[in-house]
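# Structural overview
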Amino acid sequence: MKYFLFVFFLFNALALTAQTVKNTSYTTQTGEKVLRLEAILPVDTKEAWRLFFIVEGLKEWIAPLAHIELKTGGYILTNYDETKSLSDSSSIKLTIINYIEQEIFTLKVKLNNNFPKSVQEDDGNLQEIIQFISVGPKKTKIISSMVGWGQGEDWIKAYNFFVKGNIYTYEELIKICN
């Protein structure tokens, strides 16, 4: 019995640590996919916001190359390869559609050359909405929802790429907050 309880508690402890990013994705009643990820950061909303919208913050967890123009119609520009430049075709440019400081922002996702041309040409509705919710002292819940997915095999591959990549990215964010 003691062994069973030990295994039970060990399993639950491992499950809790493995679930640092929770995938709560779903399909709407009209058939549209929503890639939704949730994470609790052990920082207040001001610090969480800094990690997204100050160049030094982004460089801590997302990419070694980053530039931000924080304004409606501005953008976030990043590149994961420090041997490249921000003007390289492998850079990722996300237009800031709107934001309310320390609460929410919406990014227009423009797919780069790592994706098939057919998907790049049809990404006009692809967006990421990120919410910042205070859930206690020094605790901020981040909810990332990607919407505007297209149809077809290439879009399924793009969606799966973002599931894996975004989970990894938010796990990196959690690591630097601890």
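Structure report, in brief. Here the residue numbers are simple positions, counted from 1 along each chain's written sequence. Local features are withheld for residues below a pLDDT of 70 in this predicted model, meaning they are given only at 70 or higher, and side-chain atom pairs are given and counted only at 80 or more; totals for whole chains, interfaces and linings count all residues. For the side-chain quantities, the full set of heavy atoms in the structure was used; hydrogens and water were omitted.

## A closer look at the pattern of salt bridges
Only one rule defines a salt bridge in this text: a Lys or Arg side-chain nitrogen within 4 Å of an Asp or Glu carboxyl oxygen. Across all of its chains, the model carries 7 salt bridges by this definition. Note that glutamate 38 is salt-bridged to arginine 36, the shortest N-O span being 3.2 Å. In this structure arginine 36 comes out as partly exposed when scored by relative accessible area, which is 22%. One salt bridge in this structure joins glutamate 47 and arginine 50, with 3.0 Å as the shortest N-O distance. Residue glutamate 47 and its partner arginine 50 are both found in helix H2 (residues 45-53); the two are separated by 3 residues, about one turn of the helix. Within the structure, one salt-bridge network assembled from shared partners comprises Arg36, Glu38 and Lys141. A 1.4 Å probe rolled over the protein chains alone gives each residue an accessible area, and that area as a share of the maximum for its type sets the label: buried under 20%, exposed over 50%, partly exposed in between. The numbering of helices and of strands both runs from the N terminus, where a helix is a DSSP run of H or I of at least 4 residues and a strand a run of E of at least 2.

## So, a nonpolar patch on the surface
A cluster of nonpolar side chains, Ile40, Ile133 and Val135, forms an exposed patch at the surface whose accessible area comes to about 220 Å². Locating isoleucine 133 in the fold gives a position in strand S8 (residues 127-136). We classify isoleucine 133 as partly exposed; its relative accessible area is 33%. Any residue with relative accessible area above 30% and no salt bridge may belong to a patch, with like charges joined within 9 Å and the nonpolar Val, Leu, Ile, Met, Phe, Trp and Tyr side chains within 5 Å. To be clear on the numbers: accessible area is Shrake-Rupley with a 1.4 Å probe, and residue cover counts the displayed protein chains and nothing else.

## Structural notes on the environment of glutamate 153
For glutamate 153, the position within the fold is in helix H5 (residues 153-177). Along the chain, glutamate 153 and valine 119 lie 34 residues apart, while their C-alpha atoms are 9.8 Å from each other.

## Topic: the side chain of serine 145
With respect to the helices and strands, serine 145 occurs in strand S9 (residues 139-147). Apart from residues no more than four positions distant in its own chain, serine 145 is found in contact with Val34, Leu35, Arg36, Gln127, Glu128 and Ile129. Note on contacts: a residue pair is in contact if any heavy atoms of the two residues lie within 4.5 Å.

## A word on the environment of isoleucine 68
Within the fold, isoleucine 68 resides in strand S4 (residues 65-69). The spacing of isoleucine 68 and lysine 93 is 25 residues in sequence and 9.8 Å in space, taken between C-alpha atoms. Contact partners of isoleucine 68, with chain neighbours within four places excluded, come to Phe52, Phe53, Ile54, Val55, Leu58, Tyr75 and Ile76.

## Examining the environment of lysine 59
Relative to the assigned elements, lysine 59 resides in helix H3 (residues 55-61). A C-alpha to C-alpha distance of 9.6 Å links lysine 59 and tyrosine 80, two positions 21 residues apart in sequence. Not counting the four nearest positions on each side in its chain, lysine 59 is found in contact with Pro64 and Ala66.

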